[in-house]
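Structural features, examined
As a plain string of letters, each chain reads:
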Amino acid sequence: MQISSIRRSIWGREPATLSALPGLRPSAYDRGMSVLDRYILRQCLSVMLFVTAVLTVTVWLAQSLRLVDLIVNRGLSAEIFAYLAILILPRFLDIVLPIGGFIAVLFVFNRLVSESELVVMRAAGIGPLALAKPVFVLAGIAALVLMSMSAYFLPASNREFKDLQFEIRNRFVASLLQEGTFTNISDQLTIYIGGRDQRGEVTGLLVNDDRDPQKPVTITAERGAFAESGGGSRIVMVNGNRQQYDRATGKLSVLTFDRYTLDLDQMRDAPVVRFPEAQERYLGELFFPPAGLDPLMLHAFILEAHQRLLVPLSAFSFVMIPLACLLPGQLNRRGQLRRVLLAIGFAFLFESLDLGVRNLAARHIGAIPLMYLTDLLPLALGFGILLKGGIRLGFRLSSLPAFAAR
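Numbers given to residues run from 1 along each chain, matching the order in which its sequence is written. Given that this is a predicted model, residues contribute local features only at a pLDDT of at least 70 and side-chain atom pairs are listed and counted only at 80 or more, while totals for whole chains, interfaces and linings are drawn from all residues. Side-chain descriptors were evaluated using all non-hydrogen atoms of the structure, hydrogens and water having been removed beforehand.

1. So, the overall build of the protein
Formally: Each helix corresponds to a stretch of at least 4 residues labelled H or I by DSSP, and each strand to a stretch of at least 2 residues labelled E; elements are numbered beginning at the N terminus. Exposed residues in this analysis have more than 50% of their type's maximum accessible area, buried residues have under 20%, and partly exposed residues fall in between, with area computed by a 1.4 Å probe over protein chains only. Any two residues having at least one pair of non-hydrogen atoms within 4.5 Å are treated as being in contact.
Tallying secondary structure elements over the protein gives 13 helices and 7 strands in all. Residue burial in the protein is summarised as follows: out of 406 residues, 41% are buried. Restricting the contact set of the protein to residue pairs at least 6 apart, pairs at least 24 apart contribute 62%.

2. Looking at the pattern of salt bridges
For clarity, the cut-off: Salt-bridge detection follows one rule: a side-chain nitrogen of Lys or Arg within 4 Å of a carboxyl oxygen of Asp or Glu.
On inspection of all chains with the given rule, the structure shows 6 salt bridges. A salt bridge links Asp37 to Lys133; the nearest nitrogen and oxygen atoms lie 3.3 Å apart. Taken together, the residues Asp37 in helix 3 (residues 35-64) and Lys133 in helix 8 (residues 128-170) connect sequence positions 96 residues apart. Glu304 is paired through a salt bridge with Arg308; the nearest N and O atoms lie 2.9 Å apart. Pair noted here: Glu304 and Arg308 are both in helix 10 (residues 295-326), with a separation of 4 residues, about one helical turn. By the burial criterion, Glu304 is buried, and Arg308 matches it. Each member of the salt-bridge network shares a partner with another, and the members are Arg159, Arg281 and Glu285.

3. Here we look at a nonpolar patch on the surface
Quick reminder of the rule: Exposure above 30% relative accessible area and the absence of a salt bridge qualify a residue for a patch, where like charges join within 9 Å and nonpolar side chains (Val, Leu, Ile, Met, Phe, Trp, Tyr) within 5 Å. Methods summary: accessible areas were calculated by the Shrake-Rupley approach with a probe of 1.4 Å, and residue burial reflects only the protein chains presented.
Taken together, Leu55, Ile95, Ile99 and Ile103 make up a surface patch of nonpolar side chains, about 290 Å² in accessible area. In terms of residues, the nonpolar patch owes the most to one element, helix 6 (residues 90-114), which gives 3 residues. As for its position among the elements, Leu55 is in helix 3.

4. A few points about the packing of helix 10 against helix 11 (residues 337-363)
Stated formally: Angles shown run from 0 to 180 degrees and are taken between the N-to-C directions of axes, each axis being a line fitted to C-alpha atoms and, for helices, limited to the stretch in contact. Any angle from 65 to 115 degrees is called roughly perpendicular, while one under 35 is roughly parallel, one over 145 is roughly antiparallel, and all others are oblique. Less than a right angle of anticlockwise turn of the near helix away from the far helix marks a crossing as left-handed, whereas a clockwise turn marks it as right-handed. Any residue that is not Ala, Val, Leu, Ile, Met, Phe, Trp, Tyr, Cys, Pro, Asp, Glu, Lys or Arg is counted as polar, Gly included; the first ten are nonpolar and the last four charged.
Running from N to C, helix 10 and helix 11 cross one another at 170°; their axes reach a closest spacing of 11 Å. By the angle class used here, helix 10 and helix 11 are roughly antiparallel. Relative to helix 11, the crossing made by helix 10 is right-handed. From helix 10, His299, Leu303, Gln307, Leu310, Ser317, Phe318, Ile321, Pro322, Cys325 and Leu326 reach across to helix 11, where they touch Arg339, Val340, Leu342, Ala343, Phe346, Ala347, Phe350, Glu351, Arg358, Ala361, Ala362 and Arg363. Here the contact of helix 10 with helix 11 is composed, by residue class, of 15 nonpolar, 3 polar and 4 charged.

5. Things to note about the packing of aromatic side chains
This is how it is decided: Pairs were defined over the aromatic rings of Phe, Tyr and Trp, the Trp ring being its six-membered one, requiring ring centres within 6.5 Å. Orientation was assigned from the angle between planes: stacked under 30 degrees, edge-to-face over 60, tilted for the rest.
What the rule picks out here adds up to 5 aromatic pairs. Between Tyr152 and Phe153, the aromatic rings sit 5.2 Å apart at their centres with planes inclined by 80°, giving edge-to-face as the arrangement. When its relative accessible area of 44% is taken as the criterion, Phe153 is described as partly exposed. With 5.1 Å between their ring centres and 35° between their planes, Phe257 and Tyr260 make a pair best called tilted. By relative accessible area, Phe257 is classed as buried at 7%.

6. Re the nonpolar core
Here is the rule: Buried Ala, Val, Leu, Ile, Met, Phe, Trp, Tyr and Cys residues that are joined via side-chain atoms within 4.5 Å together make up what is termed a nonpolar core.
The biggest cluster of nonpolar side chains holds 43 residues, and the ones touching the most others in it are Ile40, Phe109, Leu112, Met121 and Leu323. Sorting the residues of this core by element identifies helix 3, helix 6, helix 7 (117-123), helix 8, helix 10 and helix 11 as the ones contributing at least two each. Leaving out residues up to four positions away in the same chain, Ile40 has contacts with Phe109, Leu112, Met121, Leu131 and Pro134.

7. Quick look at the pairing of strand 2 (residues 189-192)
Test applied: A pair of strands counts as paired when DSSP detects no fewer than two bridges linking them.
Summarising the sheet, strand 1 (residues 182-184) and strand 2 pair through 3 bridges and their orientation is antiparallel. Across the sheet, the residue bridging to Asn184 is Thr190, located in strand 2. Pairing between strand 2 and strand 4 (residues 202-209): 4 bridges, direction antiparallel. Considered in strand 4, the bridge of Ile191 is made with Val207.

8. Describing the environment of Asp37
Assessed through its relative accessible area of 0%, Asp37 is described here as buried. Put simply, Asp37 and Ala130 are 93 residues apart on the chain and 8.7 Å apart in space, counted from C-alpha to C-alpha.

9. Observations regarding the environment of Leu387
In this fold, Leu387 is placed in helix 12 (residues 368-388). According to the relative accessible area criterion, Leu387 is exposed, its value standing at 52%. Along the sequence, Leu387 and Leu129 sit 258 residues apart, while their C-alpha atoms lie 6.7 Å from each other.

10. What to know about unusual backbone geometry
In this structure, Ser116 is a non-glycine residue whose phi angle is positive, near 65°. Considering the arrangement of structural elements, one finds Ser116 in the loop between helix 6 and helix 7. Residue Ser116 is classed as buried on the basis of its relative accessible area of 9%. One non-glycine residue with positive phi stands out, namely Asn239, at about 55°. Checked against the element boundaries, Asn239 lands in strand 6 (residues 232-246).

11. Regarding the side chain of Asp354
When you line up the elements, Asp354 lands in helix 11. Non-local contacts of Asp354, meaning those with residues more than four positions away in its chain, are made with Thr374 and Asp375.

12. Observations regarding the confidence of the model for the protein
Worth spelling out the cut-off: Confidence scores per residue from the predictor, reported as pLDDT, run from 0 to 100.
Confidence along the protein averages 80 in pLDDT terms, with 76% of residues attaining 70 or more. Across residues 1-31, confidence stays below pLDDT 50; counting only partners more than four residues off in sequence or on other chains, it has 48 contacts. In this model, residues 390-406 is a region of pLDDT below 50 whose contacts with residues beyond four sequence positions or in other chains number 27 contacts.

Rendered as structure tokens:
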């Protein structure tokens, strides 16, 4: 039964009783998902998906601008840029999705009040907890998504992003070089380029090699190009000279060349194995970290593990805030601006308190239980308000016929 037909049966000229509203009797409502459950859930879910998509794209575009430098100034391909941009997407969902659920519940229930649909539901005998049931289902869906992100997708994307970033920095040497800047590839190798042309070649090359302190080498060339192969990074220089100074004898040797190839991998002292950070670890690795970690790293692992578990719980807390603010008390179809602002204020307060407690837990491991208390506090308080507060319509159900006859 649609909401409009229910409203007509209650507020029409003919009085209606609860027995005349099939599907809205408490006994029928409590059996599984009713029509109203699916109606509210569908409205909230569609709004949450829309808001989450908009916020995610907005934040993603803002963060992706930082990666544009890899294409413009460092010569990476558009495919690598797109892959890196996709890998940073899961980082935003644990923040954006709970906010999307909050906005969806706040918008849908405020609209239900303004269009008198919530008044009809309450007049039909549906209590606050029953109205909150589809919202809890919505929060459960969001929590499952967030749990999958915390358990697998977030650490997998972070690890892949860091691995590719490490490879770019330590293999794709061309991406490190910027015009007019001396770049240290290693402790003994420094490269300077004057500029780049439209074909990706570099001009004004200078290479300083100090691997042998007694015989430093300086290479200059008019232009050159970087090449990546299975053997590693190479730089091919054209029209230049190689100068080697022998400190023992004071002799300077100069070699003029038309074409000269320099293997950069043999001249770099980058580490072979990269140690994954806490954000790149799966939950099992966080709760059972490898032996031999220093206390600061162990603290970071434990904190990250508990934060991963708390993210799904935040979905329930965020959707409970608008429910606790909009459902109890009398309903005003002319607007619920004060309640909407109150819900926004409580959400801002909750998020600020949560960030403060997390910063405290980052310094003191004993504050980790406070993180759970902070995340569960809105859920517990909101549930208590819905259980005991109720909604007072300002008139009794028996007075509906007299009111409808006016």
